[in-house]
Amino acid sequence: MKNFLLVLSGFFFLSFSVLAQNDSRKVSGPDGQLDLQVRLVDGQAFYSVRYKGAVMLEDSPLGLVSSVSDFSSDLQWKGSREDHISKHYQQDRIKHSKVHYEANVLLLSLANAQGQVLEIEFQVSNNDVAFRYHLPAVGETATCIVKQEITGFRFPKGSTTFLSPQSPPMVGWMRTKPSYEEPYVTDEPIGSPSRYGVGYTFPGLFKTPNEGWVLVSETGVDASYCGSRLSEGSPDGLYSIAYPQTGENNGHGSAEPALALPGATPWRTLTVGSSLKPIVETTIYTDVVAPRYEASQEYRFGRSTWSWIMWQDASMNYDDQVRYIDLAAEMGYEYILIDALWDTEIGYDRMATLIAYAQSKNVDVFLWYNSNGHWNDAPQGPRHKLHNPIVRKKEMAWMQSQGVKGIKVDFLGGDKQVTMQLYEAILSDANDYGLMVNFHGCTLPRGWERMYPNYIGSEAVLASENLIFGQHANDQEAYNACLHPFIRNAVGSMEFGPVLLNRRHNRSNDGGTTRRTTDAFQLSTAILFQNAVQFFALAPNNLQEFPAFVIDFMKEVPTTWDETVFIDGYPGRYVVLARRHGEQWYIAGANATGKALTLDLELPMLAGTQLTAYTDTPEGQARMSTLKINRKGKLSLAMEAEGGFVLVR
Ligand code: CA
């Protein structure tokens, strides 16, 4: 009767617990709505998740296989401990500045047939589950290679998915993929094959048949592990943790992470709710991680101009950069980003003069760099300046001597541990030289706003450059914008490069691709998309072509937020968010339904107040007006097709 064998906890730090082999362990969030249960079935570990009694995840596998231990089968209970976490922390660069994280903790110990112990740590807050594996040393063995994680997410029958497929490696522009730039497919049945058959990138959003929402991601990934992804879904709705593809990073470096023992895996996270509110507002990606080093100085976030987006490579010359410095100065922006090719088209000597000119106008400088190395063919320079510590520190010392404040690093090589080591090395060295870092052509950030004080944000999205490259992105612009607050931008800062006021996306605003969205829609993306330094896609001609109230709005808009509140929306259809900066509220909306949309909004934070409203004219131009919100905080507001609005108080 093995099932009734009693196993006593052998560790003094574990509370005395006695578990029958067919027993289960349960932990609930502080408000009692979110439940997680762990069971052993025939020696295999499973967890399931319910919210308000409804199944969010069916029995989903746990465990891993390393070079020294197999925790995929023959598992027995070893013991368990419960704990409670309540912490307050301050965090710049995300959706909220003051966070209270409260969670109940379940630490489970499972032993395999060899008596080796795997600990699984679960933290369950009101709407989030985070869990990770702790691996002890095995005798004198102090390292392992993790071969496979059994960890999976099994969604109930009838669930639908909102996922971005993973790309095969070493394809796309100059063999720079994967770079988290594949279009999302929404409202798809679970188990549908992905576009390339190699699974999905984090985060993944799932909708259960009982109107539940689950956002799956991971956080706390640094140099000690690889970035993971979701496997293809099985027909019965199981998606598993998958490691990078062997071909990433030009085939160099192992796809399997190496771990020093004792060690821990990154956190797998689930954000769960019966509405989209917890998904949009979650801070789980910073709740369970800690700063890896101290900031070398106080970093200043803000707004930037950027010639490359509208004027492209041809603008990589001294005179055009002066025009964009002047634009930044006119707008009162803190920064100019000088993009690719400055090393050859302007040259290091004249860059010193150009940077000094910017500083004379009270504008500081971000510089673009190619990340490579041996992992892409991208010809844009500067190249081979950040891939190894000797050249990197020399380059960063030069930047520091010029007063450069930040870098945009492009074209990284995937999710293998060697690439995660490069991300962390660039961030850590940059901090030593007083530089902020924004990644582009890159992976999803995983808790990095909290882990690295000089980290700004990452592209990892089909960003504004695609609006220049092709018409399809413009035709899909509203749809994509109405996805990001629920998925990509919900788990990390997103460098999109928003607010393209040109109607036509070329230098003279008379050719190239055509913007489909309204002016107010463009303004709304300054609020909807969150990145602590926003590289706005304004062009000098906008100053003459737009009414003063549009330009004034762009002069005043902040890039950091104290609070973020979900108001209304559905992924890919429409979205309304409220964000607070200091005492000032910004309410932003965007409409991708394809027709005019009138919403009855509940804005209790604005009850009884007077607002400035930026809305659409039927022709898609921005109009400014004053609105009064009634004492109940209710407001009815219309958006044109592919339109939007911003309310400011
Ligand atoms: Ca890109």
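Computed from a predicted structure; not experimentally measured. (Residues numbered from 1 in each chain as written. Predicted model: local features only at pLDDT ≥ 70, side-chain atom pairs only at ≥ 80, totals over all residues. Heavy atoms only, no water.)

### Focus: the overall build of the protein chain
Turning to step 1, where the next piece is worked out: Along its length, the protein chain carries 15 helices and 39 strands.
Turning to step 2, where the next piece is worked out: Taking 2.2 N^0.38 as the reference for a compact globule, 649 residues should give roughly 26 Å; the C-alpha atoms of the protein chain span a radius of gyration of 25 Å, in line with that estimate.
Turning to step 3, where the next piece is worked out: Considering only C-alpha atoms, the protein chain reaches an extent of 85 × 60 × 40 Å along its principal axes.
Turning to step 4, where the next piece is worked out: Taken over 649 residues, the protein chain has a buried fraction of 63%.
Turning to step 5, where the next piece is worked out: Long-range pairs, those at least 24 residues apart, make up 71% of the contacts in the protein chain with a sequence separation of at least 6.
Turning to step 6, where the next piece is worked out: As displayed, the protein chain offers around 22700 Å² of accessible surface, 49% of which is attributable to carbon and sulfur atoms.
Turning to step 7, where the next piece is worked out: With 56 positive and 71 negative side-chain charges, the protein chain shows a spacing of 2 Å between the two charge centroids. (Helix = DSSP H or I, 4+ residues; strand = E, 2+ residues; numbered from the N terminus. Rg over C-alpha atoms; globule rule 2.2 N^0.38 Å. Buried < 20%, exposed > 50% of the residue type's maximum accessible area, 1.4 Å probe, protein only. Contact = heavy atoms within 4.5 Å. Areas by Shrake-Rupley, 256 points an atom, 1.4 Å probe, with all protein chains shown as cover. Lys, Arg positive; Asp, Glu negative; His and termini not counted. Charge placed at Lys NZ, Arg CZ, Asp CG, Glu CD.)

### Brief notes about the coordination of the calcium ion
Turning to step 1, where the next piece is worked out: Binding of the calcium ion to the protein goes through Glu181 (OE), Glu459 (OE), Glu459 (OE) and Glu465 (OE), at separations of 2.1 to 2.5 Å.
Turning to step 2, where the next piece is worked out: On the primary sequence, the residues serving as donors to the calcium ion are separated as E-x277-E-x5-E. With Glu181 in the loop between strand E14 (160-165) and strand E15 (185-189) and Glu465 in helix H10 (residues 465-469), this residue pair connects regions lying 284 residues apart in the sequence.
Turning to step 3, where the next piece is worked out: Taking the relative accessible area as the measure of exposure, Glu181 reaches 14% and is therefore buried. (Donors = N, O, S within 2.8 Å, 3.2 Å for Na, K, Ca; no water.)

### Focus on the sheet that holds strand E33 (residues 574-581)
Turning to step 1, where the next piece is worked out: Taking strand neighbours across the sheet as the criterion, the 6 strands line up as E32-E33-E34-E39-E36-E37 in an open arrangement whose pairing is antiparallel. Whereas interior strands pair on both sides, the edge strands pair on one side only; in this sheet they are strand E32 (563-570) and strand E37 (622-628). Here the average twist between neighbouring strands, direction ignored, is 15°.
Turning to step 2, where the next piece is worked out: Along the sheet, helix H13 (residues 519-528) contacts E33, strand E34 (584-591), strand E36 (610-616), E37 and strand E39 (644-648); its crossing angle with E34, the most-contacted strand, is approximately 125°.
Turning to step 3, where the next piece is worked out: Most of the contacts of helix H15 (residues 548-556) go to E37, to which it runs at about 70°, and overall it touches E34, E36, E37 and E39. (Pairing = 2+ DSSP bridges. Axes fitted to C-alpha atoms, helices over the stretch in contact; angles between N-to-C directions.)

### Digging into the domain arrangement of the protein chain
In many reports, interface size means the accessible area that the parts give up when they come together.
Turning to step 1, where the next piece is worked out: Domain boundaries assigned for the protein chain yield domain 1 (3-287), domain 2 (302-559) and domain 3 (585-648).
Turning to step 2, where the next piece is worked out: When each unit is reduced to the centre of its C-alpha atoms, the spacing between domain 1 and domain 3 is 39 Å. (Domains from an automatic or database assignment.)

### Observations concerning unusual backbone geometry
Turning to step 1, where the next piece is worked out: Between Lys177 and Pro178 the backbone carries a cis peptide bond, its omega angle lying at 5°.
Turning to step 2, where the next piece is worked out: Structurally, the position occupied by Pro178 is in the loop between E14 and E15.
Turning to step 3, where the next piece is worked out: Here the bond from Phe202 into Pro203 is cis, since omega is -5°, no more than 30 degrees from zero.
Turning to step 4, where the next piece is worked out: Within the secondary structure layout, Pro203 lies in strand E16 (residues 200-207).
Turning to step 5, where the next piece is worked out: The residue Asn250 is not glycine, and still its phi comes out positive at about 60°.
Turning to step 6, where the next piece is worked out: Relative to the helices and strands, Asn250 is located in the loop between strand E19 (238-242) and strand E20 (258-260).
Turning to step 7, where the next piece is worked out: Under the relative-accessibility criterion, Asn250 is labelled partly exposed at 37%.

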